Amino acid sequence: MLIPLKKVLKQNKQNQNLLRIVILGIIFTIAFVAIQYFLKPMLPKDYLMLLQSIQVSIVGYFVIEIISNAFHDLTYDYLKDTAKSIKVLMRILGAIVIIAIIISYLSNDPVVAASIGTISGLVVGFASQNIIGNIIAGLYLAILRPFKLGDEITAFSNTGIIFDIGLISTKLHTSDNKIVLVPNSSLVTTTIVLNKRQ
């Protein structure tokens, strides 16, 4: 029996991502052992902290890359452009977490780490407030399904047939052959007219 090519490619992506994670774990373990047992007795404490911070940043970079790429590869068939947006958001959040870890490690003060984490969280929260709101609204629309693909709706004086409901926006195809992107948070908070088909 022939296995569909798409299924084989998806399985290969999953295997590649798993292999990347295993290799990263081995490299991290070797680097950790080398620093702890071979370099620790030879280096002054300040240089050792700097070396460990560099190690955390390099390993953190690879972890962020592997996780965001794995998420993108596994969800691209379902989410398309939204998968790319979430990949970028995961990279930004991961970089902020790594920077907070490095600063707290270098300062040896957990209060500094907590304050940096809080400020970073507030900045990211305010910056991504609309995106996260649209994603939550997209999940709401996907679960409750007040309308489905192929339904004709009127939203913000735009009437069209729904041909895509994504995590961030819903796409309408209008009668004059235009595509209208409506943010999901707007669809949840405003009145939508669902036009019955004859």
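Overview of the structure. Keep in mind the model is a prediction, meaning the values are calculated, not measured. (Residues numbered from 1 in each chain as written. Predicted model: local features only at pLDDT ≥ 70, side-chain atom pairs only at ≥ 80, totals over all residues. Heavy atoms only, no water.)

**Description of the sheet that holds strand 2 (residues 158-165)**
- Taken in spatial order, the five strands line up as 4-3-2-1-5 in an open sheet, and their pairing is antiparallel. Looking at strand neighbours, the two that pair on one side only are strand 4 (179-183) and strand 5 (193-195), the edges of this open sheet. Each adjacent strand pair in this sheet contributes to an overall mean axis angle of 45°, direction not counted.
- In terms of strand pairing, strand 1 (residues 152-155) meets strand 5 through three bridges, oriented antiparallel. Across the sheet, the residue bridging to I153 is L194, located in strand 5. (Pairing = 2+ DSSP bridges. Helix = DSSP H or I, 4+ residues; strand = E, 2+ residues; numbered from the N terminus. Axes fitted to C-alpha atoms, helices over the stretch in contact; angles between N-to-C directions.)

**Side note on the nonpolar core**
- Judged by nonpolar contacts, L141, F147, I153, A155, I162, L172, V180, V182 and L187 together constitute the single largest core of nine residues.
- Elements supplying a minimum of two residues to this core: strand 1 and strand 4.
- Sequence-distant contacts of V182, defined by excluding residues within four places in its chain, comprise F156, S169, T170, L172 and L187. (Core = buried A, V, L, I, M, F, W, Y, C linked by side-chain atoms within 4.5 Å. Buried < 20%, exposed > 50% of the residue type's maximum accessible area, 1.4 Å probe, protein only. Contact = heavy atoms within 4.5 Å.)

**A look at the environment of I86**
- Counting through the fold element by element, I86 comes out in helix 3 (residues 81-107).
- The class of I86 is buried, set by a relative accessible area of 15%.
- Taking the C-alpha atoms as reference points, I86 and I131, separated by 45 residues in sequence, lie 9.6 Å from one another.
- The contact partners of I86, leaving out residues within four places of it in the chain, are F71 and L167.

**Remarks on the pattern of salt bridges**
- Inspection of the entire model under this criterion finds four salt bridges.
- Between K148 and D151 there is a salt bridge, with the nearest N and O atoms lying 3.5 Å from each other.
- A relative accessible area of 15% means that D151 is categorised as buried.
- Among the ionic pairs, D176 bridges to K178, the shortest N-O distance being 4.0 Å. (Salt bridge = Lys/Arg side-chain N within 4 Å of Asp/Glu carboxyl O.)

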